[in-house]
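Topology and contacts: notes
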Amino acid sequence: MRRTLRRAIWIPAVLLYAAAFGASVAVRLAMPTEAEVTDVGRLMKAKVRKIVRINTTEDVARALEEARRRGLKVSVAGTNHSQGGQSFYEGAIVLDMKSYNKVLDLDVDRRVIRVQSGATWADVQEYANPHGLAVRTMQSSNVFSIGGSLSANVHGRDTREGPLIDSVESFRLMLADGSIRNVSRSENAELFPLVIGGFGLFGVILDADIRLTDNEVYRERTVHVDYRAFPDYVRTEILAKGDVALTLGRLSAAPDSLLSEMYVTRYEKTNVPVSAALARLAEERNVEVNRFVFGLSRKFDWGKSFFWDAQRSVYAKQNGMLLTRNNAMRPPIEFLEYRDAQKTDLLQEYFVPLDRFVPFVDGMREIVRSEELNLMNVTVRYVPQNEEAMLSYARQESLALVLLINSKRSARDVAKLEAATRRLVDLALEQGGSYYLTYQLFPTREQFAKAYPQAEAFFQWKRKWDPELRFMNEFYARYAP
Ligand SMILES: Cc1cc2nc3c(=O)[nH]c(=O)nc-3n(C[C@H](O)[C@H](O)[C@H](O)COP(=O)(O)OP(=O)(O)OC[C@H]3O[C@@H](n4cnc5c(N)ncnc54)[C@H](O)[C@@H]3O)c2cc1C
């Protein structure tokens, strides 16, 4: 009998999260007007002049006009899941895009959706699902805004797809002077690789035309892989076999098997038609129980081992399960909301060439131990080469390692984490790799320049398109010359 997706018990939900990415996150971050703002990392904050809730295109134009008149900076915010002040700046007017979230059009034949930038991937999935369509590239989870995703040029778990820029046909951008440009690879083409992956520094993305794909049915399989053989496994068992769509590797964060045991979950294409039962979009359940269980691994080594062992047995049970692409791409996340007054969960991501994966993992193990990092989860994804965005993290075919670290927020602990992060960045750079810009601003300017050799040109273009530096955030303040 065919097994379908079930989420009635806590362990699968926890594991689907881990499969997704592994992160603790305040999913709906309240953004008060005229107050202090932060993001889900809660390490940085800023006092902003005003928060404008955007409902219409005219609201954006009015806010920009006010900023010009009063000589204020403007920051743009989606769902605030970046973790280094990319969506705010001290004294700025912040445009809160979350209510600017309509789906404007779906061309089913061309499989292209036009959507306002405050909409989330969940909104897109709900709209596309009845038409048998699904998102091509997004993060592991669906809670992020389209504008925030374009501005980070996100990547996901589909080994056949590059970063998000690959699935974008065009978008409309409002510049600092209030004028609107259509941007594509053929119209205002200069802006295309700057805005995608450009962290809101060129203008406000109003809406975008994004390519979708079929809502295929997959069979989930999890296998044990020796991490030393993982690069070969990717080449021969995933890329060479055309039937694997989504893939996610997991490295152990348990003390006894730290970064040496590894599992890989793969979603293989089937010819099974999408029945009504399979097509139903899964909703998250057991949020509180899952939150409690996941919390144990923040506090205790035995909690981490328990989590890792539970993963192994649950994935064994799930082998062979059928599920649609849309359901594989909406794992539970709400239970990860974490509001500890003293601590926070932080994400980091490192990209290393396939053949440098093993030395990177070995070096990382040493850093995690010597720096006593409270590492909770590590996932691994394949990233094909894609240099279209100017601030591309995928300048070569890579494996991306995503680390979830729990840390105290005291100045002393943050300084310690900063030092450890710089060691990890150096390690990635030594292996010819890079790191992701959407998280903390710990890397030095020198490390940033090495990882992103196009940065100087990027900042020159910024000054050309926005000479008054109207669009501003803490990322620009930290790294621009
Ligand atoms: C739990 C978690 C899981 C994650 N998983 C992944 C993953 O699987 N893959 C991945 O690639 N990344 C992942 N990320 C990183 C995430 O994709 C990025 O931080 C993304 O930018 C978040 O989108 P957001 O809507 O929260 O954007 P925000 O944090 O609100 O903003 C991010 C940037 O986008 C800009 N921006 C937002 N809207 C607009 C707009 N309309 N016009 C112009 N600029 C705009 C902002 O100014 C800012 O610079 C994850 C992060 C977390 C916390």
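Small disclaimer: the values here were computed from a predicted structure and weren't measured.

A closer look at the overall build of the chain
From N to C terminus, the chain includes 15 helices and 19 strands. In summary, the chain has a C-alpha radius of gyration of 21 Å against a globular reference of 23 Å for 481 residues, a match within 12%. Overall, the chain is about 65 × 55 × 40 Å in size when its C-alpha atoms are taken along their principal axes. The proportion of buried residues among the 481 residues of the chain is 62%.

Observations regarding the domain arrangement of the chain
Partitioning the chain into domains gives domain 1 (4-96), domain 2 (103-214) and domain 3 (217-448). Counting residues at the interface gives 15 residues for domain 1, matched by 17 residues for domain 2. For the pair domain 1 and domain 2, the summed buried area comes to about 1200 Å², and 71% of that belongs to carbon and sulfur atoms. The interface formed by domain 1 and domain 2 contains zero salt bridges. Taken together, the connections running from domain 1 to domain 2 amount to one residue pair in polar contact (both at pLDDT 80 or more). Sorting the residues of the side of domain 1 that touches domain 2 by element identifies α1 (10-20) and α2 (57-70) as the ones contributing at least two each. Counting residues per element, the side of domain 1 that touches domain 2 draws most heavily on α2, which supplies five residues. Residues of the side of domain 1 that touches domain 2, tallied by class, amount to nine nonpolar, five polar and one charged.

Quick word on the packing of helix α8 (residues 287-299) against helix α9 (residues 301-318)
Between α8 and α9, whose axes approach to 5 Å, the crossing angle comes to 130 degrees. The angle between α8 and α9 places the two elements in the oblique class. Crossing of α8 over α9 shows left-handed handedness. Counted together, Val 293, Phe 294, Leu 296, Ser 297, Arg 298 and Lys 299 of α8 and Asp 301, Trp 302, Gly 303, Lys 304, Phe 306 and Phe 307 of α9 form the full contact between these two elements. Of the residues in the contact of α8 with α9, the class split is six nonpolar, two polar and four charged.

A closer look at the site of the ligand
Close to the ligand lie 36 residues, the nearest being Val 76, Thr 79, Ser 82, Ser 145 and Thr 438. Here Gly 78 contributes a backbone N or O atom positioned 2.7 Å from an oxygen atom of the ligand. Between the ligand and His 155, the relevant distance is 2.8 Å, taken from a nitrogen atom to a main-chain nitrogen or oxygen of the residue. Contributions of two or more residues to the shell around the ligand are made by β4 (74-77), α4 (146-152) and β11 (204-214). Considering each element in turn, the shell around the ligand owes the most residues, four residues, to α4. Here the shell around the ligand is composed, by residue class, of 15 nonpolar, 20 polar and one charged.

Looking at the environment of Ser 305
Along the polypeptide, Ser 305 turns up in helix α9. Spatially, the C-alpha atoms of Ser 305 and Asp 345 are 19 Å apart, while their sequence positions differ by 40 residues. Setting aside its immediate chain neighbours within four residues, Ser 305 contacts Ala 254 and Pro 255.

Brief notes about the packing of aromatic side chains
By the definition in use, this model includes 21 aromatic pairs. Here Phe 448 and Phe 459 contribute two aromatic rings whose centre-to-centre distance is 6.2 Å and whose plane-to-plane angle is 50 degrees, an arrangement assigned as tilted. Taken together, the residues Phe 448 in helix α13 (residues 445-451) and Phe 459 in helix α14 (residues 455-465) connect sequence positions eleven residues apart. Residue classification places Phe 459 among the buried positions, given a relative accessible area of 2%. Relative to Phe 459, the ring of Phe 458 lies with its centre 5.4 Å away and its plane at 70 degrees, an arrangement referred to as edge-to-face.

So, a nonpolar patch on the surface
On the surface, a cluster of nonpolar side chains totalling about 320 Å² of accessible area is made up of Phe 300, Trp 302 and Phe 306. If you trace the backbone, Phe 300 turns up in the loop between α8 and α9.

Remarks on the nonpolar core
When a protein is soluble and globular, its nonpolar side chains tend to lie buried together. Core analysis: the biggest nonpolar cluster contains 120 residues, and Phe 171, Phe 230, Leu 251, Phe 357, Met 364 and Leu 401 have the highest contact counts within it. Mapped onto the domain boundaries, this core takes at least three residues apiece from domain 2 (103-214) and domain 3 (217-448). Look past the residues within four positions of Leu 251 in its chain and what remains in contact with it is Tyr 227, Leu 259, Glu 261, Met 262, Trp 308, Phe 357, Val 361, Val 378, Val 380 and Leu 401. Counting residues in each nonpolar core, the second largest holds 17 residues, with Ala 63, Val 74, Ile 93 and Phe 471 among its members.

Overview of the pattern of salt bridges
For the structure on display, the rule yields 37 salt bridges. Between Arg 114 and Asp 209 there is a salt bridge; the shortest N-O distance is 2.6 Å. Within this pair, whereas Arg 114 is found in strand β7 (residues 112-116), its partner Asp 209 is found in strand β11, the two being separated by 95 residues in sequence. Linking Glu 388 and Arg 185 is a salt bridge whose minimum nitrogen-to-oxygen distance equals 2.8 Å. Of this pair, Glu 388 sits in the loop between β17 (374-383) and β18 (398-408) while Arg 185 sits in the loop between β10 (180-184) and α5 (192-195); the two residues are 203 residues apart in sequence, bridging distant segments of the chain.

Examining the sheet that holds β4
Spatial ordering of the open sheet is given by β3-β5-β4, a layout of three strands whose pairing is parallel. Two strands bound the open sheet, and with one partner strand each, they are β3 (50-53) and β4. Across the sheet, the mean angle from the axis of one strand to that of its neighbour is 25 degrees, orientation sign disregarded. Sheet topology note: the β3/strand β5 (residues 93-96) ladder contains four bridges and is parallel. In the sheet register, Ile 51 faces β5, and the bridge partner there is Val 94.

Calculation criteria
- Residues numbered from 1 in each chain as written.
- Predicted model: local features only at pLDDT ≥ 70, side-chain atom pairs only at ≥ 80, totals over all residues.
- Heavy atoms only, no water.
- Helix = DSSP H or I, 4+ residues; strand = E, 2+ residues; numbered from the N terminus.
- Rg over C-alpha atoms; globule rule 2.2 N^0.38 Å.
- Buried < 20%, exposed > 50% of the residue type's maximum accessible area, 1.4 Å probe, protein only.
- Domains from an automatic or database assignment.
- Contact = heavy atoms within 4.5 Å.
- Buried area = accessible area lost by both parts, 1.4 Å probe.
- Salt bridge = Lys/Arg side-chain N within 4 Å of Asp/Glu carboxyl O.
- Polar contact = N/O pair within 3.5 Å; in protein donor to acceptor, adjacent residues only side chain to side chain.
- Nonpolar A, V, L, I, M, F, W, Y, C, P; charged D, E, K, R; others polar.
- Axes fitted to C-alpha atoms, helices over the stretch in contact; angles between N-to-C directions.
- Parallel < 35°, antiparallel > 145°, perpendicular 65-115°, else oblique.
- Left-handed = near helix turned anticlockwise from the far one by under 90°.
- Near = heavy atom within 4 Å.
- Phe/Tyr/Trp six-rings, centres within 6.5 Å; stacked < 30°, edge-to-face > 60°.
- Patch = residues over 30% accessible without salt bridge, like charges linked within 9 Å, V, L, I, M, F, W, Y side chains within 5 Å.
- Areas by Shrake-Rupley, 256 points an atom, 1.4 Å probe, with all protein chains shown as cover.
- Core = buried A, V, L, I, M, F, W, Y, C linked by side-chain atoms within 4.5 Å.
- Pairing = 2+ DSSP bridges.

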